[in-house]
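Chain residues, written in single-letter form:
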Amino acid sequence: MIGILDEEQWEYAGFYLFKNISFTPFPHLNLVNNQVFYPYGTNSVFLAWGIERDIFYAIMYFLFGIGPWIKIYFLLSVLFTAIGSFRLLLWDYGFVRACGASLIVSFFNAYAIYKYPHHLSYSIIHWTILSFIADFLIVKRIVLKQNISLKLVLLRALLLFLSLGQELGYIAGFALMSFSISIIYISLIFLYRQFKLKQNPIVLFQSWLESWRTEFFF
């Protein structure tokens with residue numbers, strides 16, 4: 001519908017979701033029918049699903065009909081990447097460096113631009129990029145024994161969930177890998193401080209809890 005080879009899948013997946021999802025009595029997506037390979041039919045479970053992308057397309061198609069919804073979704077992804085990266089880095093690195101980094105990972109991300117539109121699912125990377133940055137900030141603050149805000153922890157949990165709406169094999173996988181490596185590295189730091197430096201990580205964690213209580217109630 002928008003090109004040849006892989007490009008023809010992106011709009012169709014959203015359209016398929018719109019046509020075949022039902023919510024009664026429970027949410028259900030009909031994957032086995034004859035809409036593909038007519039009249040014999042097939043199982044469409046192996047379509048190049050990107051849940052967030054396909055839901056966005058289905059909603060826009062329902063509201064406005066045919067339109068450039070995949071293109072708009074890609075542009076919104078680039079915009080979210082730039083704004084989100086800037087906002088995350090602003091407090092630690094100031095306006096100029098945060099602005100420069102956000103432009104590099106969004107508008108100057110050569111690999112993501114190269115992959116559009118043929119491998120569109122590899123160009124939609126906003127939650128994954130923000131996951132990388134959030135993991136970096138958390139690890140950095142632990143290494144430097146700085147305070148970690150409750151907002152940053154909750155944001156990281158949200159990004160972990162939202163990243164599952166992106167392409168699972170690669171893009172969401174990178175976000176999950178970043179989270180896993182960060183957790184392992186943080187655990188090793190705590191073990192080193194516990195047994196080598198004779199420092200109790202529980203004391204640091206208790207100070208975080210105290211600051212989180214303040215954030216939560218005020």
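These numbers come from a predicted model, not from an experiment.

Rules of the game
Residues numbered from 1 in each chain as written. Predicted model: local features only at pLDDT ≥ 70, side-chain atom pairs only at ≥ 80, totals over all residues. Heavy atoms only, no water. Helix = DSSP H or I, 4+ residues; strand = E, 2+ residues; numbered from the N terminus. Buried < 20%, exposed > 50% of the residue type's maximum accessible area, 1.4 Å probe, protein only. Contact = heavy atoms within 4.5 Å. Phe/Tyr/Trp six-rings, centres within 6.5 Å; stacked < 30°, edge-to-face > 60°. Salt bridge = Lys/Arg side-chain N within 4 Å of Asp/Glu carboxyl O. Expected span 1.5 Å × (residues − 1). Patch = residues over 30% accessible without salt bridge, like charges linked within 9 Å, V, L, I, M, F, W, Y side chains within 5 Å. Areas by Shrake-Rupley, 256 points an atom, 1.4 Å probe, with all protein chains shown as cover. Axes fitted to C-alpha atoms, helices over the stretch in contact; angles between N-to-C directions. Parallel < 35°, antiparallel > 145°, perpendicular 65-115°, else oblique. Left-handed = near helix turned anticlockwise from the far one by under 90°. Nonpolar A, V, L, I, M, F, W, Y, C, P; charged D, E, K, R; others polar.

J.: So what's going on with the environment of Ala 112? Which residues, and what values?
T.: Mapping Ala 112 onto the fold places it in helix α4 (residues 110-115). Exposure remark for Ala 112: the relative accessible area of 7% places this residue in the buried category. Sequence separation between Ala 112 and Tyr 122 is 10 residues; the distance between their C-alpha atoms is 6.5 Å. Among all residues touching Ala 112, those that are not within four sequence positions of it are Ser 123 and Ile 125.

J.: Just give me the short version of the packing of aromatic side chains, but keep the residues and values in it.
T.: Aromatic ring pairs: the centre-centre distance and the angle between the two ring planes describe each pair. Tallied over the full model, the rule gives 13 aromatic pairs. Taking 5.9 Å as the distance between ring centres and 45° as the angle between the ring planes, the aromatic pair formed by Phe 64 and Trp 69 counts as tilted. Classification of Phe 64 by relative accessible area gives exposed; the value is 56%. The class for Trp 69 is buried, based on a relative accessible area of 9%. Centroid distance Tyr 93 to Phe 136: 6.3 Å. Interplanar angle 25°. Geometry classified as stacked. Of the two residues, Tyr 93 is situated in helix α3 (residues 69-105) and Phe 136 in helix α5 (residues 126-143); the sequence distance between them amounts to 43 residues. Assessed through its relative accessible area of 25%, Tyr 93 is described here as partly exposed.

J.: Tell me about the pattern of salt bridges, and name the residues and values.
T.: According to the stated counting rule, one finds four salt bridges in the structure shown. The salt bridge partner of Asp 54 is Arg 53, with a shortest N-O separation of 3.1 Å. Overall, the relative accessible area of 1% leaves Asp 54 in the buried class. As a salt-bridge pair, Asp 92 and Arg 141 come within 2.5 Å of each other at their nearest N and O atoms. Pair noted here: Asp 92 is in helix α3 and Arg 141 is in helix α5, with a separation of 49 residues, a long-range link. Through salt bridges that share partners, Asp 92, Lys 140 and Arg 141 make up one connected network.

J.: Please provide a residue-by-residue account of unusual backbone geometry, values included.
T.: Along the chain, Thr 24 connects to Pro 25 via a cis peptide bond; the corresponding omega equals -5°. Locating Pro 25 in the fold gives a position in the loop between β1 (21-22) and β2 (28-29). Between Tyr 38 and the following residue, Pro 39, the backbone shows a cis peptide bond with an omega angle of 5°. With respect to the element layout, Pro 39 can be found in the loop between β3 (32-33) and β4 (42-43). Unusually for a residue other than glycine, Phe 37 sits at a positive phi of about 60°. By secondary structure assignment, the location of Phe 37 is in the loop between β3 and β4.

J.: Tell me about helix α1 (residues 7-20), and please be specific about residues and values.
T.: Between its terminal C-alpha atoms α1 stretches 21 Å, which fits the 20 Å expected from 14 residues at 1.5 Å a residue. Buried within α1 are the following residues: Glu 7, Trp 10, Glu 11, Ala 13, Gly 14, Tyr 16, Leu 17 and Asn 20. Each element contacted by the buried residues of α1 is listed here: β1, β2, β3, α2 (51-64) and α3.

J.: Summarise a nonpolar patch on the surface; cite the residues concerned and give the values.
T.: On the surface, a nonpolar cluster with roughly 640 Å² of combined accessible area is contributed by Ile 51, Ile 55, Ile 59, Phe 62, Leu 63 and Phe 64. Considering the arrangement of structural elements, one finds Ile 51 in helix α2.

J.: Tell me what's going on with the packing of α2 against α3, and back it up with residues and numbers.
T.: The description of two helices packed together rests on the angle between their axes and the distance between the axes. For the pair α2 and α3, interaxial distance at closest approach is 10 Å and the crossing angle is 130°. With respect to each other, α2 and α3 are oriented oblique. At the point where α2 passes α3, the crossing takes the right-handed sense. In this structure, α2 uses Glu 52, Arg 53, Phe 56, Tyr 57, Met 60, Tyr 61 and Phe 64 to contact α3, whose residues at the interface are Trp 69, Ile 70, Ile 72, Tyr 73 and Leu 76. Tallied by class, the residues present in the contact of α2 with α3 amount to 10 nonpolar, no polar and two charged.

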